Amino acid sequence: MSQASLYAVVDSILEEIGNRERNLIAVLQSIQEHFRYLPKEIFPYLSKKIGISEAKIYSVATFYENFSLEPKGKFVIKVCDGTACHVRKSIPILERLRKDLTLSASKSTTDDLNFTVETVSCLGACGLAPVITVNDKVYPAMTPDKATELVNQLKGEL
Ligand code: FES
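What you see is a predicted model; the values in this text were computed from it and never measured.

Moving on, we come to the environment of Asn 66. Tracing the sequence through the fold places Asn 66 in the loop between α4 (54-63) and β1 (75-80). The exposure class assigned to Asn 66 is exposed, which follows from its relative accessible area of 64%. Along the sequence, Asn 66 and His 34 sit 32 residues apart, while their C-alpha atoms lie 14 Å from each other.

Following Ala 129, the chain continues to Pro 130 via a peptide bond in cis, the omega torsion being -5°. Locating Pro 130 in the fold gives a position in the loop between β2 (115-120) and β3 (132-134). The phi torsion at Ala 141 lies on the positive side, around 45°, for a residue other than glycine. Taking the relative accessible area as the measure of exposure, Ala 141 reaches 38% and is therefore partly exposed.

Let us look at the nonpolar core. Formed by 22 residues in total, the largest nonpolar core has its most connected members in Val 10, Leu 28, Ile 31, Leu 38, Ile 42 and Leu 46. Of all the elements in the fold, those that place two or more residues in this core are α1 (3-17), α2 (24-35), α3 (42-51) and α4. Other than its neighbours up to four places away in sequence, Val 10 contacts Ile 31, Ile 42, Tyr 45 and Leu 46. Among the nonpolar cores identified, the runner-up in size contains 18 residues, and Phe 75, Leu 103, Ile 132 and Val 151 belong to it.

Here 4 strands make up an open sheet; going across it, the order is β2-β1-β3-β4 and the pairing mixed. Looking along the sheet, the strands with just one partner apiece sit at the ends: β2 and β4 (137-139). Within the sheet, the average angular offset between the axes of one strand and its neighbour, ignoring direction, is 25°. Bridge count between β1 and β3: 3 bridges; the pairing is antiparallel. Counted as the bridge partner of Val 79 is Ile 132 from β3. On the sheet, helix α6 (residues 90-100) packs against β1, β2 and β3 and is oriented at approximately 155° with respect to β1.

As a further point, take the packing of aromatic side chains. The full count for this structure, using the stated rule, is 5 aromatic pairs. Measuring from ring centre to ring centre gives 5.7 Å for Phe 43 and Tyr 58, while their planes differ by 65°; the resulting arrangement is edge-to-face. Residue Phe 43 is located in helix α3, and its partner Tyr 58 is located in helix α4; the two are separated by 15 residues in the primary sequence. The buried category is assigned to Phe 43, whose relative accessible area is 6%. Relative to Tyr 64, the ring of Phe 63 lies with its centre 5.0 Å away and its plane at 90°, an arrangement referred to as edge-to-face. What makes Tyr 64 partly exposed here is its relative accessible area of 36%.

The subject of this paragraph is α4. If you check which residues of α4 are buried, you get Ile 57, Val 60 and Ala 61. Taken down its axis, α4 places every buried residue within 100° of arc, on the same side. Away from the buried face of α4 by more than 90 degrees, exposed residues Ala 55 and Phe 63 are located. Of the surrounding secondary structure, the elements contacted by the buried residues of α4 are α2 and α3.

What counts as what
Each chain has its residues counted from 1, running along the sequence as written. Per-residue local features of the predicted model are confined to residues with pLDDT of at least 70, and side-chain atom pairs are confined, for both listing and counting, to 80 or more; whole-chain, interface and lining totals are unaffected and use all residues. Water and hydrogen atoms were dropped before computing side-chain values, which therefore reflect all heavy atoms in the structure. Secondary structure elements follow DSSP: runs of H or I no shorter than four residues count as helices, runs of E no shorter than two count as strands, and numbering proceeds from the N terminus. Exposure classes here rest on a 1.4 Å probe applied to the protein chains alone. A residue is buried below 20% of its type maximum, exposed above 50%, and partly exposed in between. By convention a nonpolar core is built from buried Ala, Val, Leu, Ile, Met, Phe, Trp, Tyr and Cys residues, the set being connected through side-chain atoms within 4.5 Å. A contact between two residues is defined here by any heavy atoms of the two lying within 4.5 Å. Pairing between strands is defined by DSSP: at least two bridges between them are needed. Helix axes are fitted only over the stretch in contact, all axes being lines through C-alpha atoms; the angle between N-to-C directions runs from 0 to 180 degrees. To pair, rings of Phe, Tyr and Trp, with the six-membered ring standing in for Trp, must have centres within 6.5 Å; the planes then decide the type, stacked if under 30 degrees apart, edge-to-face if over 60, and tilted in the middle. Our arc is simply the arc of the directions from the helix axis toward the C-beta atoms.

Here it is as structure tokens:
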């Protein structure tokens, strides 16, 4: 996406939500919804448009866990590695997903931006362990084979 069209998206979001400092979080949320992450070019641009420092916007963006400064895939798969899931073998599921998608601990998103694989500490569904989510939809009692099946099914939805 060109910088001009990126700024055009940000402009329409600012117009809709407002360009005051108190609107900042809502504006960042909306930008993230649109791009699935916060592109770095938006920081100087928002700073000018809202009239607060880039450092302040950056600190808000990094404070909230839900904001991402890295591009994410269309499907974000979260593998729970909290205690309940870990003891029920979440790591082999994570390893299978990484193998199927050619990802690793240092590369969490595929180059085509279709998949991101991350770990989380507890999804609050320990009774269903081991659990993964895809874009917040919960998949209980996973196994490596079920994870492979799920990835193939998701590829069919692309
Ligand atoms: S430990 Fe996985 S859902 Fe709680």
